[in-house]
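Tertiary structure, described
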Amino acid sequence: MGRMGVDPAVLSAGSMPANSPLTGETVASLKEDSAEEATAAVGRAVEAFKAWRTVPAPRRGELVRLLGEELRAHKEDLGLLISIEAGKITSEGLGEVQEMIDICDFAVGLSRQLYGLTIATERPGHRMMETWHPAGVVGVITAFNFPVAVWSWNAALAFVSGDSVVWKPSEKSPLTAIAVQALYERARAKFGADAPDGLLEMVQGGREVGEALVDDPRVPVLSATGSTRMGRQVGPRVAERFGRSILELGGNNAAIVSSSADLDLTLRGVAFAAMGTAGQRCTTLRRLIVHESVYDALVPRLISAYASVSVGVSTEEGTLVGPLIDKDAFDNMQAALESAKAEGGTVHGGERVNVGGYENAYYAQPAIVEMPSQCGPVLEETFAPILYVMRYSTLEEAIAMQNGVAAGLSSSIFTNSLSEAETFTSAIGSDCGIANVNIGPSGAEIGGAFGGEKETGGGREAGSDAWKAYMRRATNTINYSGALPLAQGVKFDVE
Ligand code: NAD
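Report on the accompanying structure. (Residues numbered from 1 in each chain as written. Predicted model: local features only at pLDDT ≥ 70, side-chain atom pairs only at ≥ 80, totals over all residues. Heavy atoms only, no water.)

1. What to know about the sheet that holds strand S5 (residues 137-141)
Read across the sheet, 5 strands follow the order S7-S6-S5-S8-S9 without closing on themselves; strand pairing throughout is parallel. Looking along the sheet, the strands with just one partner apiece sit at the ends: strand S7 (200-202) and strand S9 (244-248). The sheet shows a mean angle of 15° between the axes of neighbouring strands, taken without regard to direction. Summarising the sheet, S5 and strand S8 (residues 221-225) pair through 4 bridges and their orientation is parallel. By the bridge assignment for S8, Val140 is matched with Ser223. With respect to the sheet, helix H6 (residues 174-191) is in contact with strand S6 (164-168) and S7, its orientation differing from that of S7 by roughly 155°. Each of S5, S6 and S8 is contacted by helix H7 (residues 207-214), which is oriented at about 155° to S6, the strand it contacts most. (Pairing = 2+ DSSP bridges. Helix = DSSP H or I, 4+ residues; strand = E, 2+ residues; numbered from the N terminus. Axes fitted to C-alpha atoms, helices over the stretch in contact; angles between N-to-C directions. Contact = heavy atoms within 4.5 Å.)

So this is what it looks like as structure tokens:
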């Protein structure tokens with residue numbers, strides 16, 4: 001953190017614990033902000049917005065370019081910190097930083113492409129166009145499992161759009177946020193005085209601090225990433241004050257394996273999507289819907305892959321599955337497995353693994369559960385490495401199962417049949433914001449609009465035209481008919 005520009009005094013400035021799931025130990029005691037402090041941060045961000053909105057968008061892009069440069073220079077440091085704080089294995093920690101770099105690159109280009117339309121008007125001697133303006137202060141509430149990439153999806157777009165940002169990271173991942181803020185400050189110092197104080201405010205704490213942003217009418221856009229439970233609380237409160245919310249929520253993601261699937265490719269895709277990040281990704285594969293004709297050729301191989309996967313300290317070479325974030329996560333996993341058994345499921349794996357004798361760290365063997373039908377815990381997202389496997393006989397039935405849960409974020413089909421693939425991605429196929437063919441549901445490139453979760457509309461953050469959510473649109477009509485000799489013969493209405 002020192003290398004990234006963090007003052008070491010910050011690490012013992014208060015009583016809010018920062019824990020590492022690798023060992024279960026508390027590694028720092030941070031200052032927690034109050035709701036009043038969050039409100040004051042919004043005030044500073046409002047002032048910053050007034051100045052930032054007047055800086056030309058391509059120049060705003062330069063700040064994001066410099067941020068990307070800092071992230072490149074400190075990719076290893078920040079990646080390691082992600083591993084320490086969120087428990088991701090080394091390649092995934094680095095991958096998260098790469099995602100931040102990618103969205104910075106994307107946003108730099110975007111800063112020259114915030115296009116509005118010119119629209120044919122029915123009135124003679126007039127011109128009509130739309131103009132996109134910055135929205136204001138963007139509140140960003142993030143989840144522990146993507147502690148910094150999700151912030152960057154929001155912040156990079158918000159900055160080039162001309163908005164200021166108030167960020168509340170998860171109380172389970174405060175350290176990476178501190179490091180990112182320090183890197184941002186370095187980029188800002190290089191950028192110069194055009195980037196005002198208060199352009200990025202960060203407030204640390206739990207739900208109450210988040211609620212201060214949710215309820216503040218000076219925050220026109222509130223982007224919150226986390227569980228559907230959180231989204232159900234946040235969405236109506238933002239709507240009540242006519243704010244706009246961007247909700248990236250949980251996912252109970254499925255993959256269909258058809259009779260024509262390439263089973264080697266499927267095995268690799270499924271194992272990565274279901275066990276990667278110890279099942280703690282919003283896009284983790286949680287339900288596998290397998291055609292009855294290939295079930296026996298695929299599922300026993302999957303079960304042995306599950307039994308042989310190496311669970312261990314995330315930063316050690318060879319580890320494929322790191323720890324769960326905390327005891328609650330492990331308890332929730334065990335409760336889901338018990339409930340699956342009660343519904344007639346056969347559980348393989350899932351037990352606690354002793355790694356290094358760390359009593360307060362929670363490592364678990366990923367679990368694969370053969371279910372007689374889609375019921376009980378299969379219908380909910382349990383944020384842990386559990387894969388439920390079920391059989392199907394017709395594609396129609398498989399699609400109905402895939403769509404038959406509430407939290408639909410990402411989905412995929414493994415098939416070599418063109419018509420099955422096209423059906424799955426068509427209007428009568430998957431109802432999720434992400435629908436893939438022959439790759440698992442997990443992971444996403446920043447170029448496409450990400451996720452959204454079907455209940456909240458799908459596809460909202462990162463690429464495509466997601467930037468529009470961080471701006472407001474004005475339609476402008478200009479009457480130039482008074483100066484027109486050619487208006488002769490055209491009669492204008494004067495009301
Ligand atoms: P969580 O819902 O417990 O917390 C997320 C954030 O919301 C935290 O910062 C928390 O302090 C805050 N929060 C909680 N209740 C709040 C409220 N009422 N008002 C304001 N803020 C509130 O989620 P988590 O355990 O940190 O993360 C895991 C969840 O996030 C999973 O469900 C996962 O699928 C989801 N997730 C989704 C995406 C996505 O892009 N769709 C990405 C990452 C994680």
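2. Side note on unusual backbone geometry
At Phe242, a position not held by glycine, the phi torsion is positive, near 60°. As for its placement among the helices and strands, Phe242 is situated in the loop between helix H8 (228-240) and S9. Residue Phe242 is classed as exposed on the basis of its relative accessible area, which comes to 81%. One non-glycine residue, Ser464, lies in positive phi territory at about 50°. (Buried < 20%, exposed > 50% of the residue type's maximum accessible area, 1.4 Å probe, protein only.)

3. Notes on the sheet that holds strand S10 (residues 253-257)
Strand order in the open sheet made by the 7 strands is S12-S15-S16-S11-S10-S17-S18, with mixed pairing throughout. The open sheet has two free edges, formed respectively by strand S12 (346-349) and strand S18 (434-437), since each of these has just one partner strand. Geometrically, the sheet is characterised by an average inter-axis angle of 20° between neighbouring strands, direction not taken into account. Sitting on the sheet, helix H12 (residues 395-403) touches S10, strand S11 (285-291), strand S16 (386-392) and strand S17 (410-414), and the angle it makes with S16 is about 150°.

4. Description of the site of the ligand
Taken together, 30 residues sit near the ligand, with Thr142, Glu171, Ser227, Gln233 and Glu381 positioned nearest. Measuring from a nitrogen atom of the ligand, one finds a backbone N or O atom of Leu249 at 2.8 Å. Contact between the ligand and Glu381: an oxygen atom at 2.7 Å from a side-chain N or O atom of the residue. Burial of the ligand by the surrounding chains reaches 94%, relative to a free accessible area of 850 Å². (Near = heavy atom within 4 Å. Polar contact = N/O pair within 3.5 Å; in protein donor to acceptor, adjacent residues only side chain to side chain. Areas by Shrake-Rupley, 256 points an atom, 1.4 Å probe, with all protein chains shown as cover.)

5. Description of the packing of aromatic side chains
Under the criterion given, the structure shown has 7 aromatic pairs. For the ring pair Trp52 and Phe191, a centre distance of 5.9 Å and an interplane angle of 65° mean the geometry is edge-to-face. Taken together, the residues span a long stretch of sequence, with Trp52 in helix H1 (residues 35-52) and Phe191 in helix H6 at a distance of 139 residues. Residue class for Phe191 comes out buried when judged on its relative accessible area of 6%. (Phe/Tyr/Trp six-rings, centres within 6.5 Å; stacked < 30°, edge-to-face > 60°.)

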